[in-house]
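Here is what each chain is made of, one letter per residue.
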Amino acid sequence: MRIPIIAGNWKMNTTVAEAESLVREMKPRLEAVAGVERVLCPPFVSLASVAALLRGSSVKLGAQNLYHEDKGAFTGEISPLMLAGLCQYVIVGHSERRKYFGEDNAAVNRKAQAARRAGLVPIVCVGETLAENEAGRTREVIVGQVQGSLAGLEGPLVVAYEPVWAIGTGRAATAAQANATIGLIRRTLAALFGAARAQELPIQYGGSVTGANIAEFIAQPEIDGALVGGASLRAGDFIAIVEQTARLKGVR
Ligand code: 13P
């Protein structure tokens, strides 16, 4: 039985004070939900204060990126060892990192491996662009990203399917589309890791998820949760997403 996982990717939003206030606002309702893994991913500079607010909480913390080396002369980068004491999860390979920071599948794989070595659970993102989708290349792109980003990765991990055209556009994939591509991701994981492990790994959908559409996604058999951007910055919306996921698919 896969435990559903809802993660909020705050992206480059919130000052430290704003992050603290958002966590204070959401924490009681998020903690009241059972059977769903709940993860907040604020910016790096807020991780320490949010970790302090979440100490002893069932709500988990994640980072949005990391570098693949443990330490050294890499000005401005954050290492897996620095994150390991602070958070449990780390997002890698988000399409914004692939697009604006030139991260390819090999770089994503190095980051995911580095996260695992430090005991962090990587949330590995894959997704096709609008041009790839319209050219009928979704299958080939997704299979290539899953193979290239996840090869050799052991232990716990999460995959997030985020079609780039659905991110921040208000134009979510249909639940059936998302379920079909996530099914393809699971078959690709089965070829990489074996069928048993593929059945255990949670796969999220991401892209314009809100409290108003989460139920459709969660009702799909292959979809184990969501990676939420914009709506994760609104306490009421994020809580609604988590509570509906618990009601529909919470593991007790
Ligand atoms: P939105 O929910 O704002 O579309 O963002 C999705 C996303 O990129 C989460 O990582």
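Here the structure is shown first, and the text comes after it.
Summary of the structure given here. (Residues numbered from 1 in each chain as written. Predicted model: local features only at pLDDT ≥ 70, side-chain atom pairs only at ≥ 80, totals over all residues. Heavy atoms only, no water.)

1. Quick word on the overall build of the chain
Working step 1: Summing up its helical and strand segments, the chain has eleven helices and eight strands in all.
Working step 2: A compact globule built from 252 residues would reach a C-alpha radius of gyration of about 18 Å, and the chain, at 17 Å, matches this within 12%.
Working step 3: By principal-axis analysis of the C-alpha atoms, the chain measures approximately 45 × 45 × 35 Å.
Working step 4: When burial is assessed residue by residue, the chain has 54% of its 252 residues classed as buried.
Working step 5: Across the chain, every contact between residues at least 6 apart in sequence was considered, and the portion connecting residues at least 24 apart equals 72%. (Helix = DSSP H or I, 4+ residues; strand = E, 2+ residues; numbered from the N terminus. Rg over C-alpha atoms; globule rule 2.2 N^0.38 Å. Buried < 20%, exposed > 50% of the residue type's maximum accessible area, 1.4 Å probe, protein only. Contact = heavy atoms within 4.5 Å.)

2. Some details on the site of the ligand
Working step 1: All residues adjacent to the ligand are Asn 9, Lys 11, His 94, Glu 162, Ala 166, Ile 167, Gly 168, Gly 207, Ser 208, Leu 227, Gly 229 and Gly 230.
Working step 2: A distance of 3.0 Å separates an oxygen atom of the ligand from a polar atom in the side chain of Asn 9.
Working step 3: At 2.8 Å, a backbone N or O of Gly 230 approaches an oxygen atom of the ligand.
Working step 4: Compared with its free state, where it exposes 310 Å², the ligand has 95% of that area covered by protein. (Near = heavy atom within 4 Å. Polar contact = N/O pair within 3.5 Å; in protein donor to acceptor, adjacent residues only side chain to side chain. Areas by Shrake-Rupley, 256 points an atom, 1.4 Å probe, with all protein chains shown as cover.)

3. Description of the sheet that holds strand 3 (residues 60–63)
Working step 1: Strand order in the closed barrel formed by eight strands is 1-2-3-4-5-6-7-8, and the pairing between neighbours is parallel. Direction aside, the axes of adjacent strands within the sheet are offset by 25° on average.
Working step 2: Each of strand 5 (121–126) and strand 6 (158–161) touches helix 7 (residues 138–150); the most contacted strand, strand 5, lies at about 155° to it.
Working step 3: Across the face of the sheet, helix 11 (residues 235–249) comes into contact with strand 1 (5–9), strand 2 (37–41) and strand 8 (225–228) while running at roughly 170° to strand 1. (Pairing = 2+ DSSP bridges. Axes fitted to C-alpha atoms, helices over the stretch in contact; angles between N-to-C directions.)

4. Structural notes on the nonpolar core
Working step 1: Core analysis: the biggest nonpolar cluster contains 65 residues, and Ile 6, Met 26, Leu 40, Leu 150, Ile 185, Leu 189 and Tyr 205 have the highest contact counts within it.
Working step 2: If you tally residues by element for this core, the top one is helix 8 (residues 175–193), at seven residues.
Working step 3: Among the nonpolar cores identified, the runner-up in size contains twelve residues, and Val 39, Cys 41, Ile 91 and Val 121 belong to it. (Core = buried A, V, L, I, M, F, W, Y, C linked by side-chain atoms within 4.5 Å.)

5. A short note on the layout of surface pockets
The method is simple in principle: a probe with the dimensions of a water molecule rolls over the atoms, and the space it marks as empty is what remains.
Working step 1: Empty space within the largest pocket amounts to approximately 490 Å³.
Working step 2: Around the largest pocket, the lining is made up of 15 residues, and of these Lys 11, Met 12, Gln 64, Arg 97 and Phe 101 lie nearest the centre.
Working step 3: Among the elements that make up the lining of the largest pocket, the one with the highest residue count is helix 4 (residues 95–100) (three residues). (1 Å grid on protein atoms, 1.4 Å probe; cavity = no way out; pocket = protein on both sides within 12 Å on 5 of 7 lines; lining within 4 Å. Points joined across faces, edges and corners; volume = space filled by probe spheres on them.)

6. Here we look at the pairing of strand 8
Working step 1: Side chains of strand 8 alternate between two faces, with Gly 225 and Leu 227 and Ala 226 and Val 228 buried alike.
Working step 2: In this sheet, strand 8 lies alongside strand 1 in parallel orientation, the contact comprising four bridges. What sits directly across from Gly 8, in strand 8, is Val 228.
Working step 3: Sheet analysis places strand 7 (residues 203–206) next to strand 8, joined by two bridges and oriented parallel.

7. Side note on the side chain of Ser 208
Working step 1: Within the secondary structure, Ser 208 sits in the loop between strand 7 and helix 10 (214–218).
Working step 2: Here the side chain of Ser 208 touches Arg 171 through a polar contact of 3.5 Å, landing on its backbone nitrogen.
Working step 3: In contact with Ser 208, not counting residues within four places along its chain, are Ala 166, Gly 168, Thr 169, Gly 170, Arg 171, Ala 172 and Asn 213.

8. A look at the pattern of salt bridges
Working step 1: A complete count under the given rule lists ten salt bridges for this structure.
Working step 2: Arg 137 is the partner of Glu 140 in a salt bridge, and the nearest nitrogen-oxygen pair spans 3.0 Å.
Working step 3: Residue Arg 137 is classed as partly exposed on the basis of its relative accessible area of 33%.
Working step 4: A salt bridge links Asp 237 to Arg 234, with the nearest nitrogen and oxygen atoms 2.9 Å apart.
Working step 5: The network of salt bridges with shared partners includes Arg 2, Arg 186, Glu 222 and Asp 224. (Salt bridge = Lys/Arg side-chain N within 4 Å of Asp/Glu carboxyl O.)

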